[in-house]
Amino acid sequence: MTENNTITCEKFLPHPPAAVWKALTDPGLHARWWAAGDIKPVVGHRFALDMGHFGSQPCEVTEVDDQRLLAYRFAEGSLDTTITWTLHPEGKGTRLVLTHAGFDLDSPMGRQAYDGMGKGWPGLLDRLGSVLGEAA
C-alpha cells in the first residue's frame, strides 16, 4: 500500500516479537533476508547497507523501542528517506508494520525508488518470514 510519498506494508509472522526483532537488528540475519550491514538498535548508530548494484547506502538509527520500534534514515544524501519497523504482538506471533517515508516524488530517482520499493518490500517481508522459519 502506498500513500502520498510513503510506502506501508504489514505482515503477520508466526514468531514472537523477540525473534522478529533479532531478524531486524542482527547483522547476520539481516543480511540473509535483505542487505548486509552493521545494523544495531542504538540511537545515533551509523551504518551502511550493501544494496548490490544500487551501492552502499548510508543509514542512521533515529529511534529505538526494544522489540517494538526501530527507525532509521535510509540512503542519506541521495534518497533521504526513513524506514520504520513497528512490531505488534498478536497471539503467539507478531504483526510487523513497515513504513518507508519521505520519497521525493518530484525527482526521477525518488519516483523510481518509490515505485521499485513499493513493489519490492512485500517480497522482502516474505523473505524475512522465511529466514525466521529457518531459524526456528
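All of the points below concern the structure found in this document. Since this is a predicted model, take the numbers as computed values, not measurements.

### Details of the overall build of the chain
Part 1: Along its length, the chain carries three helices and seven strands.
Part 2: Each helix (α) and strand (β) of the chain, taken in turn from the N terminus, gives the series β-β-α-α-β-β-β-β-β-α.
Part 3: The C-alpha atoms of the chain give a radius of gyration of 14 Å, which matches the 14 Å a tight globule of 136 residues would have.
Part 4: Principal axes of the C-alpha set define a box for the chain whose edges measure 40 × 30 × 25 Å.
Part 5: Across the 136 residues of the chain, 42% fall into the buried class.
Part 6: For the chain, the share of sequence-separated contacts (at least 6 apart) that also reach a separation of at least 24 residues comes to 45%.

### Considering the packing of aromatic side chains
Part 1: Under the definition given, this model contains seven aromatic pairs.
Part 2: Between Phe 47 and Tyr 72, the aromatic rings sit 5.5 Å apart at their centres with planes inclined by 75 degrees, giving edge-to-face as the arrangement. Within this pair, whereas Phe 47 is found in strand S3 (residues 46–50), its partner Tyr 72 is found in strand S5 (residues 69–74), the two being separated by 25 residues in sequence. Residue Phe 47 shares its accessibility class with Tyr 72, and that shared class is buried.

### Section: the pattern of salt bridges
Part 1: Counted according to the given criterion, the structure contains 10 salt bridges.
Part 2: Among the salt bridges present, the one from Arg 68 reaches Asp 65, with a minimum N-O distance of 4.0 Å.
Part 3: Put simply, Arg 111 and Asp 115 hold a salt bridge, and the shortest N to O gap is 3.9 Å. Taken together, the residues Arg 111 and Asp 115, both in helix H3 (residues 108–135) and four residues apart, mark about one turn of the helix.

### Here's the deal with the nonpolar core
Part 1: Of all hydrophobic cores here, the largest spans 37 residues; its most connected members are Trp 34, Tyr 72, Phe 74, Trp 85 and Trp 121.
Part 2: Among the elements that line this core, the one with the most residues is H3, at nine residues.
Part 3: Dropping the residues within four chain positions of it, Phe 74 is found in contact with Trp 34, Leu 49, Met 51, Gln 57, Pro 58, Cys 59, Leu 79, Asp 80, Thr 81, Ile 83, His 100 and Met 117.

### Description of the environment of His 15
Part 1: By the secondary structure assignment, His 15 is in the loop between strand S2 (6–13) and helix H1 (17–25).
Part 2: His 15 sits in the buried class, given a relative accessible area of 12%.

### Quick notes on H3
Part 1: Over its 28 residues, H3 runs 39 Å from end to end, which matches the ideal 40 Å to within 8%, given 1.5 Å per residue.
Part 2: At Gly 120, H3 shows its largest kink, close to 35 degrees, and the proline Pro 122 lies no more than four residues downstream.
Part 3: Within the span of H3, buried status applies to Gly 110, Ala 113, Tyr 114, Met 117, Trp 121, Leu 124, Leu 125, Leu 128, Gly 129, Val 131 and Leu 132.

### Digging into the pairing of strand S6 (residues 81–90)
Part 1: Relative to S6, S5 is paired through six bridges, and the arrangement is antiparallel. Among the inter-strand pairings, Tyr 72 is bridged to a residue of S6, identified as Ile 83.
Part 2: Hairpin connection of S5 to S6: six residues between the antiparallel strands, including Ala 75 at a positive phi of 60 degrees.
Part 3: Where S6 meets strand S7 (residues 93–101), nine bridges bridge the pair, whose relative direction is antiparallel.

### Some remarks on the side chain of His 45
Part 1: Inspection of the secondary structure puts His 45 in the loop between helix H2 (27–33) and S3.
Part 2: His 45 has contacts with Asp 38, Ile 39, Lys 40, Cys 59, Glu 60 and Val 61, leaving out every residue within four places of it along the chain.

Definitions and cut-offs
Residues numbered from 1 in each chain as written. Predicted model: local features only at pLDDT ≥ 70, side-chain atom pairs only at ≥ 80, totals over all residues. Heavy atoms only, no water. Helix = DSSP H or I, 4+ residues; strand = E, 2+ residues; numbered from the N terminus. Rg over C-alpha atoms; globule rule 2.2 N^0.38 Å. Buried < 20%, exposed > 50% of the residue type's maximum accessible area, 1.4 Å probe, protein only. Contact = heavy atoms within 4.5 Å. Phe/Tyr/Trp six-rings, centres within 6.5 Å; stacked < 30°, edge-to-face > 60°. Salt bridge = Lys/Arg side-chain N within 4 Å of Asp/Glu carboxyl O. Core = buried A, V, L, I, M, F, W, Y, C linked by side-chain atoms within 4.5 Å. Expected span 1.5 Å × (residues − 1). Bend = angle between axes of the 7 residues up to and from the residue. Pairing = 2+ DSSP bridges.

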